[in-house]
Amino acid sequence: MSEVQLCAEPAPLAFSPARAALVLIDMQRDFLEPGGFGETLGNDVSLLQAAVEPCQRALAAARAAGMLVIHTREGHRPDLSDAPPAKVARGAPSRRIGDPGPMGRILIRGEPGHDIVEALYPARGEPVIDKPGKGAFHQTDLMQMLRNRGIDTLFVCGVTTEVCVHTTIREGNDRGFRCVALGDACASYFPEFHRVGLDMIKAQGGIFGWVSDAAAFSGALDAAAQAA
Ligand code: TIU
């Protein structure tokens, strides 16, 4: 498939699917389901459900186009050796990182709550990046993976808009990638932060990147496939 024309803000964007990746950020049970990390922080986790169907749509389109699909998960080693004490000790959650909960230990790799929700489960061969921080580039091999594939454009979905999605887009932008948030495929525990978070990306002529949506992304890929 040659160049795809995408409706986006603040301006349309042309991209090559062979040089683009769809990055799904932290669509984990720990953030989306009751009893996980998100709920321990006092959040209404049902707010994040809005992103699931748009993520499915974007995922199906990327898979059909043969695009690179990368999933990320935020979490820590069982011995917490990679968890900064400042992160573990912060706030007054009902359960801290590493404490036992109904989906296993909170935000710990290998526990049921750390895994990706069923509706968006990675297909065989799709890389899953386990990250200890908010950004997907920090202390991971994401940069190497993208460089090896000649990727120049990232389509970013997932949760939460103003935390891990934003941090990843900021990291990616500084590393020279064109980063596009698929807005409806992102969600936050704070609808206001979601809205303003997307506005921040596309302000000032696209200071961190672009904002589009799952329907525009899948429609653009479909149109390019039909034309080919
Ligand atoms: N709490 C919150 O909004 N987010 C996180 O802690 N991690 C992610 O955004 N994945």
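This text goes with the structure placed above it.
Residues numbered from 1 in each chain as written. Predicted model: local features only at pLDDT ≥ 70, side-chain atom pairs only at ≥ 80, totals over all residues. Heavy atoms only, no water.

**Section: the side chain of Asn43**
- Relative to the elements of secondary structure, Asn43 occurs in the loop between α2 (37-40) and α3 (52-64).
- You can call Asn43 buried: its relative accessible area is 15%.
- There is a polar contact of 3.0 Å between the side chain of Asn43 and the backbone oxygen of Gly38.
- Residues in contact with Asn43, not counting those within four places in the same chain, are Gly38, Tyr189 and Phe190. (Helix = DSSP H or I, 4+ residues; strand = E, 2+ residues; numbered from the N terminus. Buried < 20%, exposed > 50% of the residue type's maximum accessible area, 1.4 Å probe, protein only. Polar contact = N/O pair within 3.5 Å; in protein donor to acceptor, adjacent residues only side chain to side chain. Contact = heavy atoms within 4.5 Å.)

**Focus: the sheet that holds strand β4 (residues 68-74)**
- Ordered in space as β7-β4-β3-β8-β9-β10, the 6 strands form an open sheet in which the pairing is parallel. Sheet topology places β7 (128-131) and β10 (210-212) at the edges, where each strand pairs with a single neighbour. Along the sheet, successive strands turn relative to each other by an average axial angle of 25°, direction set aside.
- In terms of strand pairing, β4 meets β7 through 4 bridges, oriented parallel. By the bridge assignment, Glu74 is partnered in β7 with Lys131.
- Each of β9 (178-187) and β10 is contacted by helix α7 (residues 191-206), which is oriented at about 165° to β9, the strand it contacts most.
- Along the sheet, helix α8 (residues 214-227) makes contact with β3 (20-25), β8 (153-159), β9 and β10, crossing β9 at roughly 120°. (Pairing = 2+ DSSP bridges. Axes fitted to C-alpha atoms, helices over the stretch in contact; angles between N-to-C directions.)

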